[in-house]
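# Fold and geometry: a report
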Amino acid sequence: MSEYERWEKRFSVPEYIFGEKPNAFLAKQKHLLPAGGAALSIADGEGRNGVWLAEQGLDVHAIDFSPTALKKANALARKRGVRLRTELADVIAWTYPTEAYDVIAIIFTQFMNPEERDRVFAGVRGALKPGGLLLIEGYTPKQLEYGTGGPKQVENLYTRALLERDFAGFTDMKISEYETEMDEGSAHGGMSAVIDFTARKPV
Ligand SMILES: C[S@@+](CC[C@H](N)C(=O)[O-])C[C@H]1O[C@@H](n2cnc3c(N)ncnc32)[C@H](O)[C@@H]1O
């Protein structure tokens, strides 16, 4: 089964497998968000994060390759009374626009191998406006011991050194690695080893 088929199958249930509430790390960054502006949510899935960003007053562009997930994202936006611009796209092949977004969120997108991630992160560096905010959460290699979600390929997981290298020159960089009990729908539950990253593109 291809990755595409695997995600389509996972999302083809009525419930929101990652829940309808935003990712906990993302919600905690509310104080860093601008009052308005454009946001991009990469591999936004069923829309829990894109919809929450729209509720914070941002004009949100949510991209994902799963039509089933984006249909659920649009339904969630309607239910919550916000506008979400969804686009069916392979985030690895996508043409990232130049200096278009005030905020970019990358929440649990570790389906990318290092080469693919390099391409996406280069797109992200270019797509943020100067001073724009980057928010990333993913698993660390320790997650392989827990087996409570995420990929099995260690090279897809994030370390502090990797994020510092890939976003060298960014300002206000904060990175924290910790273990936590996740409660994000039926898909993300149990003890997990994660890394949180916030930083701004230099002006
Ligand atoms: C672990 S889920 C996370 C979804 C969302 N970020 C969240 O936190 O709820 C990974 C998402 O990546 C999407 N995805 C996987 N490979 C992709 C690709 N090449 N291009 C676009 N989306 C992809 C899946 O459809 C799925 O929605």
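The coordinates are above.
Residues numbered from 1 in each chain as written. Predicted model: local features only at pLDDT ≥ 70, side-chain atom pairs only at ≥ 80, totals over all residues.

## Some remarks on the site of the ligand
For the record, the criterion: Near, as applied to residues and a molecule or strand, means the residue's backbone-placed C-beta atom lies within 6 Å of it. Strands are runs of DSSP state E lasting at least 2 residues, helices are runs of H or I lasting at least 4, and numbering of each runs from the N terminus. Amino acid classes used here: Ala, Val, Leu, Ile, Met, Phe, Trp, Tyr, Cys and Pro are nonpolar; Asp, Glu, Lys and Arg are charged; the rest, including Gly, are polar.
Taken together, 20 residues form the shell around the ligand, and within it Phe 18, Ala 43, Gly 45, Phe 65 and Ser 66 come nearest. If you list the elements that add at least two residues to the shell around the ligand, you get helix H1 (3-11) and helix H3 (48-55). The residue makeup of the shell around the ligand, split by class, is 10 nonpolar, 5 polar and 5 charged.

## As for the nonpolar core
We apply this condition: Under the definition applied here, buried Ala, Val, Leu, Ile, Met, Phe, Trp, Tyr and Cys residues are grouped into a nonpolar core through C-beta atoms within 7 Å. Exposure classes come from backbone-placed C-beta atoms, where a residue is buried if 20 or more other C-beta atoms lie within 10 Å of its own, exposed if 12 or fewer do, and partly exposed in between. Any two residues are considered in contact once their C-beta atoms, placed from the backbone, lie within 7 Å.
Ranked by internal contacts, the top residues of the largest apolar core, which has 47 residues, are Ala 39, Ile 42, Leu 53, Val 103, Ile 104, Ala 105 and Leu 134. Discounting chain neighbours no more than four positions away, the residues touching Leu 53 are Ala 39, Ser 41, Leu 58, Val 60, Val 103 and Ala 105.

## Here we look at helix H4 (residues 67-80)
Formally: The span one expects for a helix is its residue count, reduced by one, times 1.5 Å. Arc definition: it is the arc formed by the directions from the helix axis to the C-beta atoms.
Relative to the 20 Å expected for 14 residues at 1.5 Å per residue, H4 spans 20 Å between its end C-alpha atoms, a close match to the ideal helical length. Of the positions making up H4, those classed as buried are Ala 69, Leu 70, Lys 72, Ala 73, Leu 76 and Ala 77. For H4, the arc enclosing every buried residue in end-on projection is 155 degrees, short of the 170-degree limit, so these residues lie on one face. Along H4, exposed side chains directed more than 90 degrees from the buried face belong to Arg 78 and Lys 79. For H4, the elements touching its buried residues are H1, H3, strand S2 (59-64) and strand S3 (84-88). Directly beyond the C-terminal end of H4, a positive phi value near 70 degrees is found at Gly 81.

## Looking at the packing of H3 against H4
The angle between the axes and the distance between the axes are what describe a pair of packed helices. Note the cut-off: Axes here refer to lines fitted to C-alpha atoms; in helices the fit is confined to the stretch in contact. Angles between the N-to-C directions go from 0 to 180 degrees. Any angle that falls under 35 degrees is termed roughly parallel, while one over 145 is termed roughly antiparallel, one within 65 to 115 roughly perpendicular, and all others oblique. Crossing handedness follows the turn of the near helix against the far one: under a right angle anticlockwise gives a left-handed crossing, and clockwise gives a right-handed one.
Orientation of H3 relative to H4, taken along the N-to-C sense of each, is 30 degrees, at an axis distance of 9 Å. What the angle tells us is that H3 and H4 run roughly parallel. Considering the relative orientation of H3 and H4, their crossing is right-handed. Here Gly 50, Val 51, Ala 54 and Glu 55 of H3 come into contact with H4, specifically with Ala 73, Leu 76, Ala 77 and Arg 80. Split into classes, the residues belonging to the contact of H3 with H4 amount to 5 nonpolar, 1 polar and 2 charged.

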